[in-house]
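Fold and contact review
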Amino acid sequence: MIKTATFLISNTDHEKCPAPNKPEFAFIGRSNVGKSSLINMLTNNKKLAKISGTPGKTQLINHFDIDGKWYMVDLPGYGFAKVSKSLKADWDKMIKSYLTSRENLVAVFVLIDSRLDPQNPDLEFLTWCGKNGVPVVIIFTKADKQSKTKTHASVDKFLNASEAIFQEAPLYFITSAETADGKKDVVSFIEEQVKE
Ligand code: GTP
Ligand code: MG
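- Per an unreviewed UniProt entry, the recorded name for the protein is Probable GTP-binding protein EngB, and the organism is Rhodonellum ikkaensis.
- If you open the UniProt record of the protein and go to Cofactor (unreviewed entry), you find "Mg(2+)".
- Comment text from UniProt for the protein, heading Function (unreviewed entry), reads "Necessary for normal cell division and for the maintenance of normal septation."

Quick look at the structure:
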């Protein structure tokens, strides 16, 4: 259970992020996939991370302190078409240098919309993580938007596609920010890693 979540700082430069003295867990995924909503659901705080119907709301590396024990990080979405090429390239560089240089990073939760067939930007991002040794856990979002049968069908498709990237099925969770499904599983997973 998360008791207190406090916003710390937003950055464009990973070198200015808080001292890497606590375990860190980051959340990333395509724009609008529900990163900020998931963060708010996990922390029981509807106002912690800004949510928007317009893709591209989160544009910075946002650090939150959780219970004084670990850092939660909300990252901008990748593969968002409606910003300029140069801005996209800037975000890409910012995210990738953060992910490869943050020494306290325990896992990156890559959020995938549970309603969709495997999408290239997601597979490309996962391939990049695989090549760069970035530790990935998959979170399927918005499970409340369809039947369980449909969710499991698209989860299976995605796991098949990602097995080709990682040579084994990645660890994954199925969540809904609406119903708080999956909350306990994700939080327990993180808290177990923090204990060690
Ligand atoms: P960017 O910061 O723009 O990259 O988006 P994001 O990934 O942070 O998405 P955000 O949390 O802002 O959510 C985008 C939209 O999806 C909002 O309208 C949310 O209300 C909606 N949404 C997010 N998660 C869920 C969910 O689990 N269920 C439902 N029904 N809607 C969701
Ligand atoms: Mg966001």
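1. Re the overall build of the protein
- From N to C terminus, the protein includes five helices and seven strands.
- Walking the protein from its N terminus toward its C terminus, one meets helices and strands in the order β-β-α-β-β-α-β-α-β-α-β-α.
- Radius of gyration (C-alpha) of the protein: 16 Å, near the 16 Å computed for a compact globule of 196 residues.
- Taken along the three principal axes of its C-alpha coordinates, the protein extends 40 × 40 × 35 Å.
- Going through the 196 residues of the protein one by one, you find that 36% of them count as buried.
- In the protein, once contacts between residues fewer than 6 apart in sequence are set aside, the share between residues at least 24 apart is 73%.

2. Quick word on helix α2 (residues 85-101)
- Taking 1.5 Å per residue as the helical rise, α2 with its 17 residues ought to reach 24 Å, and the 24 Å between its terminal C-alpha atoms agrees with that figure.
- Taken together, the buried positions of α2 are W91, I95, Y98 and L99. Taken around the axis of α2, the buried residues stretch over an arc of 95°, which confines them to a single face. Structural note: α2 exposes K85, S86, A89, K93 and S101 on the side pointing more than 90 degrees away from its buried face.
- Considering only its buried residues, α2 is in contact with β2 (24-29), β3 (61-66) and β5 (105-113).

3. Considering the sheet that holds strand β1 (residues 5-11)
- Taken in spatial order, the seven strands line up as β1-β3-β4-β2-β5-β6-β7 in an open sheet, and their pairing is mixed. Each edge of the open sheet is held by one strand with a lone partner, namely β1 and β7 (172-174). Within this sheet the neighbouring strands show an average axis-to-axis angle of 25°, counted without direction.
- Here five bridges tie β3 to strand β4 (residues 70-74), and the two strands are oriented antiparallel to one another. Looking at the pairing, H63 lines up with V73 of β4.
- Contacting β5 and β6 (136-141), helix α3 (residues 120-132) runs over the sheet at an angle of about 165° to β5.

4. Brief notes about the environment of T141
- Of note, T141 is situated in strand β6.
- The class of T141 is buried, set by 26 C-beta atoms lying within 10 Å.
- C-alpha separation for the pair T141 and D92, spaced 49 residues apart in sequence, amounts to 22 Å.
- Here T141 is in contact with V33, G34, L38, L111, I112, D113, S114 and T175, once residues within four sequence places are set aside.

5. Quick word on unusual backbone geometry
- Even without being glycine, N44 reaches a positive phi, approximately 55°.
- You can see N44 is positioned in the loop between α1 (35-43) and β3.
- One non-glycine residue, A180, lies in the positive phi region at around 65°.
- As for its placement among the helices and strands, A180 is situated in the loop between β7 and α5 (183-195).

6. So, the pairing of β5
- Here β2 runs beside β5; their pairing, made up of six bridges, is parallel. The residue of β5 that forms the bridge with G29 is L111.
- As defined by bridge partners, β5 adjoins β6 across six bridges and the pair is classed as parallel. The residue bridging V110 from the neighbouring strand is I138, located in β6.

Analysis parameters
- Residues numbered from 1 in each chain as written.
- Chains lettered and ligands numbered in written order.
- Predicted model: local features only at pLDDT ≥ 70, side-chain atom pairs only at ≥ 80, totals over all residues.
- UniProt positions renumbered as here; feature names shortened; annotations may be inferred.
- Helix = DSSP H or I, 4+ residues; strand = E, 2+ residues; numbered from the N terminus.
- Rg over C-alpha atoms; globule rule 2.2 N^0.38 Å.
- Buried ≥ 20, exposed ≤ 12 C-beta atoms within 10 Å, placed from the backbone.
- Contact = placed C-beta atoms within 7 Å.
- Expected span 1.5 Å × (residues − 1).
- Arc of directions from axis to C-beta.
- Pairing = 2+ DSSP bridges.
- Axes fitted to C-alpha atoms, helices over the stretch in contact; angles between N-to-C directions.

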